[in-house]
Amino acid sequence: MLWAFTANAQKDQYMVLEFVKVESDQLFDYIEFKDLMEKVYRQALNDHQITGWDFWALQSGASHSDFQYIMITYYDDPVKMMDGLDETKMIEYTKIAYPHLNDAQVVKLFENSLSMRELPMRLYMKQIVSTEDDFHMRPGVLASFDLMKAKEGNFAAYEKAEEEVFKPIHQKRIEQGLMGHWSLLRTALPLGTEAKSTHLTLNMYKDYMQFFNAQAYEDLDQTEADRKAVNEGLNSREQKWVYLATLENVVR
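Calculation notes
- Residues numbered from 1 in each chain as written.
- Predicted model: local features only at pLDDT ≥ 70, side-chain atom pairs only at ≥ 80, totals over all residues.
- Heavy atoms only, no water.
- Buried < 20%, exposed > 50% of the residue type's maximum accessible area, 1.4 Å probe, protein only.
- Helix = DSSP H or I, 4+ residues; strand = E, 2+ residues; numbered from the N terminus.
- Pairing = 2+ DSSP bridges.
- Phe/Tyr/Trp six-rings, centres within 6.5 Å; stacked < 30°, edge-to-face > 60°.
- Lys NZ or Arg CZ within 6 Å of the ring centre and 35° of its normal.

Chemist: What's the story with the pairing of strand β3 (residues 69-75) in this structure? I'm lost.
Modeler: Looking along a regular strand, one sees side chains alternate from face to face of the sheet. The element β3 is largely enclosed, with a buried count of seven among its seven residues. Both faces of β3 are covered, namely the face carrying Tyr69, Met71, Thr73 and Tyr75 and the face carrying Ile70, Ile72 and Tyr74. Where strand β1 (residues 14-22) meets β3, seven bridges bridge the pair, whose relative direction is antiparallel. Looking across to β3, one finds that Val16 is bridged to Thr73. By the bridge criterion, six bridges tie strand β2 (residues 52-60) to β3 in an arrangement that is antiparallel. If you follow Trp53 over to β3, its bridge partner there is Thr73.

Have a look at this one:
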């Protein structure tokens, strides 16, 4: 299934990012779990409870003892996002996805799949700005998840820098074929000063070739004023962590 980000460009988009940890002796079994989840979330999409779901395998950015996968569930409404999909609904969708199983078998399958993983971190986010593009989500797509923390007192300045300075830079890279998509997400929940992150940028590439070409690219047309604006933007936030991941399953 293909998905162009521009399809939802004018709509509010809310996302739940779940960082998933699986014990090493259960990694093979977890392959079956993500395929089960794809079928279940497809039923949730058909039922208009969600607008999409992704399953990403971590390539770098954290110890595999912390987590190995990132699941993203997309919503068009913040209340739906916070309510999520309860266990009763998930089991109902599992029954639809596996019509050959009886009720007891469905419950056992669902419970076994959940017991395989932990969720050390969950983020509730709202997309606030993104590039204009027709990037297609398909297995093999590469993304970097950049966790940011706006410095105290610089929240508005940071978001302004992302929209007015960094978005045009990413838009230019997309037009040059060096990138697929970029978006800025803001946490959808109130945070205190001790929060580890306040924002997240998603940088997407069609493959590793495009990713490495982008890293090597240098904008020779950048003016001194441009460089100053970039540095001011960088100084308005802290880059807490970068996770590189590959898309394995997608529901749209």
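Chemist: Teacher, can you tell me more about the packing of aromatic side chains here?
Modeler: By the definition in use, this model includes 12 aromatic pairs. With a centroid separation of 5.1 Å and 5° between ring planes, the pair formed by Tyr41 and Trp53 is classed as stacked. Of this pair, Tyr41 sits in helix α1 (residues 27-46) while Trp53 sits in strand β2, and the two are 12 residues apart along the sequence. One aromatic cluster in this structure is built from Phe19, Phe67, Trp241 and Tyr243. The cationic tip of Arg252 hangs over the ring face of Tyr74; the distance from NZ or CZ to the ring centre is 4.3 Å.

The analysis is restricted to geometry; functional conclusions fall outside its scope.
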